[in-house]
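Observations on the three-dimensional arrangement
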Amino acid sequence: MGFSEAATALLIKYGLFIASLVGSILSLSLLRPLTRQQAAWAVATGFFTAIFTTDLVVAYFGLPAAGDSRNGVAYLIGLFAMNLIPLGKKIAQALTRNYLKGAE
């Protein structure tokens, strides 16, 4: 077995995990400077979100379940997942502020 066959077998077997991890690591460049712990949590968040939601997204949008398209979806979810968390926190803080302002 040559190098190209081994690389192909590796991508077929672990492509979803590799795409998820690469997407979540590359998205660190889109975030503000982070501490090492924050960066590790951000990568873990993107990785696990991509792992657990890729099949759901592929099925929901009726995308082909073949390796390349599935890996592409995993990459994009990993790339954008950790950027959605700060957005969700800002929305929750704004809703809390508005709710508390209305309660006074």
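All of the points below concern the structure found in this document. Treat the numbers as computed from the prediction; the structure is a model and nothing was measured.

Re the nonpolar core
Core analysis: the biggest nonpolar cluster contains 5 residues, these being Leu16, Ala19, Phe47, Ile51 and Ala74. Put simply, the parts of the chain that give this core at least two residues each are helix 1 (3-26) and helix 2 (36-61). If near-sequence neighbours (up to four positions away) are discounted, Phe47 is found in contact with Phe17, Ser20, Leu21 and Ser24.

With respect to the side chain of Thr54
Structurally, Thr54 is set in helix 2. At 2.4 Å, the side chain of Thr54 forms a polar contact with the backbone oxygen of Ala50. If we ignore the near neighbours within four places in the chain, the residues touching Thr54 are Leu16, Arg70, Val73, Ala74 and Ile77.

Concerning the packing of aromatic side chains
Evaluation of the coordinates by the stated rule reveals 3 aromatic pairs. Considering the side-chain rings of Phe47 and Phe48, the 5.1 Å spacing of their centres and the 70 degrees angle between planes classify their relative orientation as edge-to-face. Owing to a relative accessible area of 45%, Phe48 belongs among the partly exposed residues under this scheme. Here the aromatic cluster, defined as three or more aromatic residues joined through ring pairs, consists of Phe47, Phe48 and Phe52.

About the criteria used
- Residues numbered from 1 in each chain as written.
- Predicted model: local features only at pLDDT ≥ 70, side-chain atom pairs only at ≥ 80, totals over all residues.
- Heavy atoms only, no water.
- Core = buried A, V, L, I, M, F, W, Y, C linked by side-chain atoms within 4.5 Å.
- Buried < 20%, exposed > 50% of the residue type's maximum accessible area, 1.4 Å probe, protein only.
- Helix = DSSP H or I, 4+ residues; strand = E, 2+ residues; numbered from the N terminus.
- Contact = heavy atoms within 4.5 Å.
- Polar contact = N/O pair within 3.5 Å; in protein donor to acceptor, adjacent residues only side chain to side chain.
- Phe/Tyr/Trp six-rings, centres within 6.5 Å; stacked < 30°, edge-to-face > 60°.

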